[in-house]
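Here are the chains, one letter per residue:
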Amino acid sequence: MPADPTPTAPGAAPAVPDAAAVRGAVVAWFDVHARDLPWRAPDRTAWGVLVSEVMLQQTPVVRVEPAWRAWMSRWPRPADLAAASPADVLRAWDRLGYPRRALRLQECARAVVERHGGEVPSDEAELLALPGIGSYTAAAVRAFAFGRRSVVLDTNVRRVLARVVEGAALPAPTPTVGERAAAEALVPPDDAGAARWAAASMELGALVCTARAPRCPACPVRDLCAWRAAGSPADVHAPRRRTQAWAGTDRQVRGRIMALLREALEPAPASAVAAVWPDDAQRERCLAGLLADGLVERVAVERAGDGDDAGPRYRLPV
């Protein structure tokens, strides 16, 4: 029977509805429906898993997979990426979004080389000490690269737990102590089982227990789900910020500047940068932000001249 969907005291861990049954059903479903992704292959490396986790941050799998394959072919080890030029790294990142992640990944590769002899560590504290690696990524690398027990809580897993355990449509905007306790209670005690559960629960959230249109009839734990037992109530949290539209935003302007510089064989003149966007104030604000983030460099031109030869030029960092 599903758990009583009555809310628990703030900060307390909700009762898990037959944890063994939930785990068994989700893992059995995963054994049949898991996507064939290259970072799940038997020959995967810890570095490949780490790269996939960084790329998958706010970027869908369909865009990440070809980029990941090309990236790993070019830089199969941390030492390879550490030795690359930042410009090449940003060109390879292309349109995956948030290009600062690419440079942070290179910083991470350099730290792995300098601190760990070029091998990604399995220790959680050592992973957390790497540039750009937060608690989720550290837990995911431990689980998916090393098969170690960890509590993997991404957006998909949090949504599954909110519905199955708490009877809520969506999790709280930020993780709570009670939520983490509920997640911990569902993780099997053994390394192999815990790693399998982490992958299975994440896949269920990505493919079935989705945010906007959950496919409840196809869910392996539909009869154990507190949310369904409660009649699938609407989200009780404060209205969530809608995803910002793309057209006309600073993100679009920054993207156009980055696209120009990725394609340029030589530093681009200010006139070429000016041509990518008509609003001077917005364009200059975005350019200043890219310069501050270290994603673009200004190159002084010493020779005097007219037109494109005069003034500064811009390029990807070298």
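Note: the structure precedes this text.
Computed from a predicted model, the values in this text were never measured in an experiment. (Residues numbered from 1 in each chain as written. Predicted model: local features only at pLDDT ≥ 70, side-chain atom pairs only at ≥ 80, totals over all residues. Heavy atoms only, no water.)

Peptide bonds are trans in most cases, and residues, glycine excluded, mostly fall at negative phi. Notably, Asp94 is not glycine yet its phi reads approximately 55°, a positive angle. Inspection of the secondary structure puts Asp94 in the loop between α5 (86-93) and α6 (100-116). Exposure remark for Asp94: the relative accessible area of 39% places this residue in the partly exposed category. You will see that Tyr98, though not glycine, has its phi angle at about 45°, which is positive. Structurally, the position occupied by Tyr98 is in the loop between α5 and α6. Here Tyr98 falls in the partly exposed class, since its relative accessible area comes to 44%. (Helix = DSSP H or I, 4+ residues; strand = E, 2+ residues; numbered from the N terminus. Buried < 20%, exposed > 50% of the residue type's maximum accessible area, 1.4 Å probe, protein only.)

Where burial is concerned, most of helix α2 (residues 46-55) is hidden: 10 out of the 10 residues are buried. For α2, the complete set of buried residues consists of Ala46, Trp47, Gly48, Val49, Leu50, Val51, Ser52, Glu53, Val54 and Met55. Taken together, the buried residues of α2 touch α3 (61-74), α4 (78-82), α5, α6 and α8 (135-146). (Contact = heavy atoms within 4.5 Å.)

Tallying each qualifying case throughout the model produces 17 salt bridges. As a salt-bridge pair, Glu65 and Arg69 come within 3.0 Å of each other at their nearest N and O atoms. Of this pair, Glu65 and Arg69 both sit in helix α3, four residues apart, which is roughly one turn of that helix. Of the residues examined, Arg69 reaches a relative accessible area of 46% and is grouped as partly exposed. The salt bridge involving Asp88 is made with Arg91; its shortest N-O contact spans 3.8 Å. With Asp88 and Arg91 both in helix α5 and three residues apart, the pair spans about one turn of that helix. Among the residues examined, Asp88 registers a relative accessible area of 29% and is labelled partly exposed. (Salt bridge = Lys/Arg side-chain N within 4 Å of Asp/Glu carboxyl O.)

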